[in-house]
Amino acid sequence: QQSVVTFNMEKKEHLVVLVHGLLGGTSDLSLLGNIIKESSDQFEVHISSSNATLFGTFDGIENGGERLKEEIKRISSFKDIKYLSIVAHSLGGLYSRYCIGQLYKEGFFDKIKPVHFISIATPHVGSYHSGLWGFVVTQLCTNLIYTTGKQLALDDDVNNPLLLRMTQKESHFMKALSCFERRVNYANLSGDFTVRYSTSAILGHILDNNNASSQRFEKYPNIFALEEVKPEIIEGKDNDGSRHPLRSV
């Protein structure tokens, strides 16, 4: 069962971190940041800047995730933060998943409660494509985006690529993700040629584009379909070594 999160409305206790994607910068998410700020006084909105350099997104998911981790720890250390939510776009979603795994290992969530983890058009299972097109994409990724490109093409480790390791149920990445009260994943059904629906949706089936318009929600016209995935129960360990169940996507 999910616990009920209550906030002190007189303080900004809830840190919301926005994380940009490949070759991105802080301006990419400034509009979203302003919308969140205007929605409630309880949010301390921070747009991540630790990877916002010219080639700051080229040196691998681990390095980007580590920089994001240190940035979140630094922001949390000088503010009275009790809750953490992350909204990440594209590659930023992979940075964030790596980041929270490291935070989990360090016991960060023993003091700060994770609330929302939201990814938008994130290549959760990489950018690998089969056939001739797959070969072309792999070559572009590995030669133009360096370490990050190899990881996205699942070419960093033939037997056990990083993105595969990040999905293993007993990994600290999955245990960290399971700690969040709510996990939401948005995927573009069409028109996104860099992050296809099949990798960003992580679903075992593809929506029918022809029937998608009939599935629109009246309140949210840009949302075609909503699928709630029931979490599985996996077992984890607290810092003291005691075992407990964890919710996992």
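As the structure is a prediction and not an experimental result, all values here were calculated from the model.

Cut-off values and rules
Residues numbered from 1 in each chain as written. Predicted model: local features only at pLDDT ≥ 70, side-chain atom pairs only at ≥ 80, totals over all residues. Heavy atoms only, no water. Helix = DSSP H or I, 4+ residues; strand = E, 2+ residues; numbered from the N terminus. Buried < 20%, exposed > 50% of the residue type's maximum accessible area, 1.4 Å probe, protein only. Contact = heavy atoms within 4.5 Å. Areas by Shrake-Rupley, 256 points an atom, 1.4 Å probe, with all protein chains shown as cover. Pairing = 2+ DSSP bridges. Axes fitted to C-alpha atoms, helices over the stretch in contact; angles between N-to-C directions. Left-handed = near helix turned anticlockwise from the far one by under 90°. Nonpolar A, V, L, I, M, F, W, Y, C, P; charged D, E, K, R; others polar. Phe/Tyr/Trp six-rings, centres within 6.5 Å; stacked < 30°, edge-to-face > 60°. Salt bridge = Lys/Arg side-chain N within 4 Å of Asp/Glu carboxyl O. Core = buried A, V, L, I, M, F, W, Y, C linked by side-chain atoms within 4.5 Å. pLDDT = per-residue confidence, 0-100.

(A) Expanded view of the overall build of the protein chain. The number of helices and strands found in the protein chain is nine helices and seven strands. Split into buried and exposed, the 249 residues of the protein chain put 45% on the buried side. The long-range fraction of contacts in the protein chain, counting pairs at least 24 apart against all pairs at least 6 apart in sequence, stands at 70%. Accessible area of the protein chain: about 13900 Å², with a carbon and sulfur share of 53%.

(B) Looking closely at the sheet that holds strand 2 (residues 43-47). Taking strand neighbours across the sheet as the criterion, the five strands line up as 2-1-3-4-5 in an open arrangement whose pairing is parallel. Here the strands that pair on one side only, and so sit at the sheet edges, are strand 2 and strand 5 (182-186). If you compare each strand with its neighbour and ignore which way they point, the axes differ by 15 degrees on average. Its contacts with the sheet place helix 2 (residues 61-77) against strand 1 (14-19), strand 2 and strand 3 (83-89), and it is angled at close to 150 degrees to strand 1.

(C) Up close: the packing of helix 2 against helix 3 (residues 91-105). Between helix 2 and helix 3, whose axes approach to 8 Å, the crossing angle comes to 65 degrees. As helix 2 runs across helix 3, the sense of the crossing is right-handed. Counted together, Ile 61, Glu 62, Gly 64, Gly 65, Glu 66, Leu 68, Lys 69, Ile 72 and Lys 73 of helix 2 and Leu 91, Leu 94, Tyr 95, Ser 96, Tyr 98, Cys 99, Gln 102 and Leu 103 of helix 3 form the full contact between these two elements. Taken together, the residues of the contact of helix 2 with helix 3 break down into nine nonpolar, four polar and four charged.

(D) Structural detail: the packing of aromatic side chains. Throughout the structure, instances matching the rule amount to six aromatic pairs. When the centroid spacing of 5.6 Å and the interplanar angle of 75 degrees are considered together, the rings of Phe 117 and Phe 180 count as edge-to-face. With Phe 117 in strand 4 (residues 113-120) and Phe 180 in the loop between helix 7 (172-178) and strand 5, this residue pair connects regions lying 63 residues apart in the sequence. An aromatic cluster is present here, built from Phe 108, Phe 109, Phe 117 and Phe 180 joined pairwise through their rings.

(E) How the structure looks around the side chain of Gln 102. Along the chain, Gln 102 turns up in helix 3. The residues touching Gln 102, leaving out its near neighbours within four places in the chain, are Glu 66, Lys 69, His 172 and Phe 173.

(F) Fine view of the pattern of salt bridges. In total, this model carries 10 salt bridges according to the counting rule given. A salt bridge links Asp 59 to Arg 67; the nearest nitrogen and oxygen atoms lie 2.9 Å apart.

(G) Spotlight on the nonpolar core. Membership of the largest hydrophobic core comes to 31 residues, with the highest contact counts inside it found for Ile 61, Ile 72, Leu 84, Ile 86, Ile 100 and Phe 109. Only strand 1, helix 2, strand 3, helix 3, helix 6 (162-165) and helix 7 provide two or more residues apiece to this core. Element by element, the count of residues in this core is highest for helix 3, at eight residues. Residues in contact with Ile 100, not counting those within four places in the same chain, are Ile 86, Phe 109, Phe 117, Ala 176, Leu 177 and Phe 180. With seven residues, the next largest nonpolar core counts Leu 29, Ile 36, Phe 43 and Val 45 among its residues.

(H) Structural view of the confidence of the model for the protein chain. Looking at the protein chain as a whole, the pLDDT averages 81, with 75% of positions reaching at least 70. Low pLDDT, under 50, characterises residues 1-10; the predicted model gives this stretch 17 contacts beyond four residues in sequence or across chains. For residues 233-249, every residue scores under 50 in pLDDT, and the model assigns this stretch 46 contacts once sequence neighbours within four places are set aside.

(I) Structural context of the pairing of strand 4. Alignment of strand 3 against strand 4, held across six bridges, turns out to be parallel. Each bridged residue has a counterpart across the sheet, and for Tyr 83 the counterpart in strand 4 is Lys 113. One ladder, built from five bridges, connects strand 4 with strand 5; its direction is parallel. Residue pairing in the sheet places His 116 in a bridge with Arg 182 of strand 5.

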